[in-house]
Each structure stands twice: as structure tokens, then as C-alpha cells.
Amino acid sequence: MDVDPRFSLQLVSSLPGHEERAWQVAWNPAKPLLASCSADKTVRLYSYQHTSEDQETLPSFSHINTISTAHTKTVRSLAWAPSGKVFATGSFDSNVGIYEKKQELDDENGLDESEEWECAAMLEGHETECKSVAYSATGTLLASCSRDKTVWIWEVQPDADFECMGVLMEHSQDVKCVAWHPTEEILASASYDDTIKLYVDDPSDDWYCLSTLTGHESTVWSLAWSPDGNYLASASDDLSIRIWKRVDQYEWKFVHQIKGHERSIYSISWNIGKGTSSKSMGWLASTGGDGKINVWEISQSLEKSTQEILCSKLIASISSAHGDSDVNSVQWCPRPGFEDLLATAGDDGSVKVWRVVPTNSS
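Computed from a predicted model, the values in this text were never measured in an experiment.

Would you mind going over the overall build of the chain with me for this structure?
If you tally the helices and strands in the chain, you get zero helices and 28 strands. Here the C-alpha radius of gyration of the chain, 19 Å, is about what a compact globule of 362 residues would show, namely 21 Å. Overall, the C-alpha framework of the chain stretches about 55 × 55 × 35 Å when taken along its three principal axes. Counting across all 362 residues of the chain, residues that qualify as buried make up 58%. Counted over contacts in the chain with a minimum sequence separation of 6, partners at least 24 positions apart contribute 51%. Carbon and sulfur atoms make up 42% of the accessible area of the chain, which amounts to about 15200 Å² in all. The averaged location of the 54 negative side-chain charges in the chain is 7 Å from the averaged location of its 29 positive side-chain charges.

What follows is the structure, given as C-alpha cells:
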């Protein structure tokens with residue numbers, strides 16, 4: 001394992017509050033908001049801001065709302081629409097909830113601490129636990145997946161109306177994760193059947209599976225596209241992260257493997273990071289059952305000046321990130337200026353925010 005000690009993970013904020021395990025964190029892409037969901041059936045919202053003009057100072061986080069959802073069981077997943085005005089929840093009650101703010105503020109970047117969110121729609125269709133939800137890059141499509149082995153694709157219509165565009169039954173087991181390509185309408189799903197499936201829409205017909213990626217030896221828990229969309233990372237119960245390169249319009253091949261965890265890797269996230277190398281392809285964060293957070297810099301290099309190969313370097317790591325608890329989710333902040341911030345959610349019911357900092361400044 002290639003290790004670079006130039007960086008470390010600095011705790012920015014610890015945000016307890018959920019009464020049961022916290023399953024997922026999700027940064028609002030348009031506003032300074034961070035959301036988390038939990039087995040306690042709530043979604044908690046936090047705002048953040050720099051307390052001074054100096055962008056190098058740590059942002060401060062404060063809890064602004066706890067939303068008691070309409071779900072009757074654990075809220076397992078959460079995803080913001082690209083507009084930042086709507087979020088979707090996936091629950092063990094098998095339903096997908098759509099939440100909107102009751103009234104839009106005049107200042108689109110403003111945060112009203114008393115703002116209320118309401119359930120605008122409840123999408124029914126899955127037979128058992130919904131494990132993951134995700135909006136496409138344009139916000140016009142929503143995907144959900146379930147223990148019932150299916151992936152559903154919904155078209156987002158005005159007035160919180162949704163139309164099912166396809167029910168994909170390609171996996172043979174529980175589907176753990178769905179992830180949209182950052183610019184194209186290509187959907188990836190990961191499953192307990194150890195595979196990854198990729199789907200596209202056939203304009204003359206329906207959504208269909210165009211590729212199945214095999215190689216993991218156990219459950220695939222999480223997926224993350226590279227910022228440029230040319231690579232897909234997958235994390236597994238087999239303690240490995242595999243990176244797949246897009247070699248043709250609808251063809252991907254395995255090009256790199258990362259190992260650095262002692263237990264199941266539950267969550268990965270890939271962002272542009274603040275890498276200094278021109279060959280840097282961003283930072284990949286991973287976490288899981290061993291309670292560790294790893295941050296890898298992914299880069300390209302040329303072997304013998306002809307063959308392009310992928311390299312991964314561990315640039316920061318912290319153990320016992322949530323004490324003795326499993327860490328269920330890790331997510332980079334997508335907003336400009338905050339590329340070095342990531343959030344995690346753990347079995348201890350807390351959300352934590354971390355910053356990747358040069359070692360000499362931590």
C-alpha cells in the first residue's frame with residue numbers, strides 16, 4: 001500500500017442527536033446544508049458557515065431542524081435533488097419519500113432556522129426494504145433499489161408527481177446501492193449477488209441492463225463515479241475497492257484494486273479533492289465496519305510511455321472515527337471551496353465532519 005503522510009484528517013464538528021444509528025449523510029449541492037437519516041425515522045438538517053472571511057478557518061456547524069418523516073420504519077438512505085430544494089428518502093418500510101420546503105425563501109442562499117419541510121409524495125412499489133435512492137445529474141430521474149432485488153427508475157414531474165419508467169429485475173439478490181453517472185443518464189447498481197449492473201434507456205423501448213461487472217467475491221455495498229465520469233469505483237464485503245474504466249461507450253473494464261480495510265467497506269465517495277498533481281483524478285474516501293476512514297489520491301501514470309495505469313496513494317487515515325461503532329456512510333462536500341470536507345454517519349447515532357489538512361497544519 002502506497003502511503004503519503006502529507007495529510008491528516010482533522011475533526012471539524014461532532015453532531016450527535018439521532019436516537020438510533022445514523023445510516024447516511026448527504027450534502028445539499030446548492031446550499032450550506034448537511035442532512036442525515038437514521039433508524040429513528042428522522043432526518044436531521046445542519047447548516048454551516050465560515051465564521052470569518054478567512055476561507056482557511058474551519059466552518060462551524062449547527063443543527064437547524066429535525067424532520068419527523070412519514071416513514072414507519074428506519075430511514076436507510078437520503079439524496080438531494082441537484083436543485084437542493086427537494087430530497088428523497090428510502091426506508092425499510094419499502095417506500096420512497098419526497099420532501100419539499102413548505103415555503104421558498106426570497107434569498108435562495110438564505111437559511112431560515114424555522115423553515116419546515118413536508119412530505120410532498122410517497123412512492124410505493126418496492127415489496128420490501130428500500131436501501132438506496134439517487135437523483136440523476138439533471139434531477140429529472142430518481143432511482144431506488146431494494147431488498148426485493150429490483151431497481152426502479154422514476155421520472156420527476158411537476159408538482160411532486162412521479163412516473164415509473166422502469167422496474168429492472170437484473171440482480172438475483174438484495175440491491176444495496178444505486179448511483180447515477182455525473183453527466184449522463186447511466187445508472188449503476190450494486191448487490192448482495194456480488195455484481196454491479198449498468199443501465200441505460202433505449203429510446204425506442206425501455207431501460208435495460210447494458211453491462212454486468214463481476215470480480216468482487218462478496219456483497220458490493222457502495223458505488224462512486226469519478227468526477228470526470230470515466231471511472232466507477234465499487235466497495236465490497238471482500239475488503240477491496242475495485243475501479244472500473246470506461247473503455248467504450250457501454251463497456252467498462254477492471255483496472256485497479258485498493259485494499260486498506262480490515263472489515264466490510266460500507267461506503268465510498270469520490271470528489272475532485274485538492275490534489276496538487278496535474279495527473280490527480282481526485283480523492284476517494286472509504287469507510288466501513290472497522291471504524292476507519294481512509295482517503296486515497298487517485299492518479300494516472302504512463303507505464304513505458306504507452307500504457308496508462310491507475311495509481312492510488314493513501315494520503316490520510318483515521319481509526320475509531322466513531323469510537324467503537326461501525327461507520328455507515330462517507331460523503332465529500334460537493335460545493336466549491338469545500339472540496340476538502342467530508343462527513344460520516346455511524347452506528348453511534350452521530351454525524352461527524354472532517355477536513356483533510358496538510359500534516360503540518362493539523
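Before we go on, may I ask you to explain the environment of Tyr48 in this structure?
Within the secondary structure, Tyr48 sits in strand S4 (residues 42-49). Residue Tyr48 is classed as buried on the basis of its relative accessible area, which comes to 4%. The sequence separation of Tyr48 and Met122 amounts to 74 residues, and the corresponding C-alpha distance is 29 Å. In this view, Tyr48 contacts Trp27, Lys31, Pro32, Leu33, Leu34, Ser60, Phe61, Cys333, Arg335 and Phe338; residues no more than four positions away in its chain are not counted. Side-chain polar atoms of Tyr48 contact the side chain of Arg335, separated by 3.2 Å.

Rules used throughout
Residues numbered from 1 in each chain as written. Predicted model: local features only at pLDDT ≥ 70, side-chain atom pairs only at ≥ 80, totals over all residues. Heavy atoms only, no water. Helix = DSSP H or I, 4+ residues; strand = E, 2+ residues; numbered from the N terminus. Rg over C-alpha atoms; globule rule 2.2 N^0.38 Å. Buried < 20%, exposed > 50% of the residue type's maximum accessible area, 1.4 Å probe, protein only. Contact = heavy atoms within 4.5 Å. Areas by Shrake-Rupley, 256 points an atom, 1.4 Å probe, with all protein chains shown as cover. Lys, Arg positive; Asp, Glu negative; His and termini not counted. Charge placed at Lys NZ, Arg CZ, Asp CG, Glu CD. Polar contact = N/O pair within 3.5 Å; in protein donor to acceptor, adjacent residues only side chain to side chain.

Nothing here speaks to function; it is geometry throughout.
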